[in-house]
Amino acid sequence: AGAAAGAPPVPEIRLLRLATSEDLERERTNEELAGQALKAFAVECAGAPQEVRPVAARFTLDRRRLSIFYLAEHPYDGRRNAASLQRRFGAEVEMRQVGVRDESALLGGLGSCGRATCCATWMRHFHAVNVRMAKAQDLALNPAGINGGCGRLKCCLRYEYEGYRESATA
């Protein structure tokens, strides 16, 4: 079954094995620990002049790596915080500054269409979106209608744009 013409490609997912009950239990524990790590990171960077805002924390299943995702207006040197978290949780700590679109992808949510946001489900790369795409689709240029949960133009405008453009020339 091929993808529809103009449809975005669906990423290939390899299944290594089915999750065992031990894997599921470890994942629940990891989620709890990640919540604790995120709170600890928030406390440690509370006074940072860059106005760092923690977004998400994730452990790998084997708990060897902890990834911390945060928003900041300017670059933030979190090496001291990373070392502190590494001592506390016994995992290699990777800190990543993300943008608002990435934040939406990490947190998930529902789009105005009622479905889970594309960025949180299947989209892996963000492509340029502009107001011209909304105009071509005869959408009202009301920010409430053309902006996604991240506050930027909806990513789906790009995927629907080609279809509208082709129908206008036909």
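Trainee: Which residues make up the packing of aromatic side chains, and what values go with them?
Mentor: Taken as a whole, this structure holds four aromatic pairs when the rule is applied. Ring geometry for Phe 41 versus Tyr 70: centroids 5.9 Å apart, planes at 45°, classification tilted. Placement of the pair is Phe 41 in helix H1 (residues 21-44) and Tyr 70 in strand S2 (residues 65-71), with a sequence separation of 29 residues. Each member of the pair, Phe 41 as well as Tyr 70, is classed as buried.

Trainee: Tell me about the pattern of salt bridges, residues and numbers included.
Mentor: Under the defined criterion, the tally for this structure stands at eight salt bridges. As a salt-bridge pair, Asp 62 and Arg 64 come within 3.7 Å of each other at their nearest N and O atoms. The class of Asp 62 is partly exposed, set by a relative accessible area of 41%. Of the residues examined, Arg 64 reaches a relative accessible area of 63% and is grouped as exposed.

Trainee: Tell me about H1, and please be specific about residues and values.
Mentor: With 24 residues, H1 should reach 34 Å at 1.5 Å per residue; the first-to-last C-alpha distance of 35 Å fits that figure. For H1, every residue scored as buried is listed here: Asp 23, Asn 30, Ala 34, Ala 37, Leu 38, Ala 40 and Phe 41. Contacts made by the buried residues of H1 are with strand S1 (53-59), S2, helix H2 (79-89) and strand S3 (92-97).

So, how was this worked out
Residues numbered from 1 in each chain as written. Predicted model: local features only at pLDDT ≥ 70, side-chain atom pairs only at ≥ 80, totals over all residues. Heavy atoms only, no water. Phe/Tyr/Trp six-rings, centres within 6.5 Å; stacked < 30°, edge-to-face > 60°. Helix = DSSP H or I, 4+ residues; strand = E, 2+ residues; numbered from the N terminus. Buried < 20%, exposed > 50% of the residue type's maximum accessible area, 1.4 Å probe, protein only. Salt bridge = Lys/Arg side-chain N within 4 Å of Asp/Glu carboxyl O. Expected span 1.5 Å × (residues − 1). Contact = heavy atoms within 4.5 Å.

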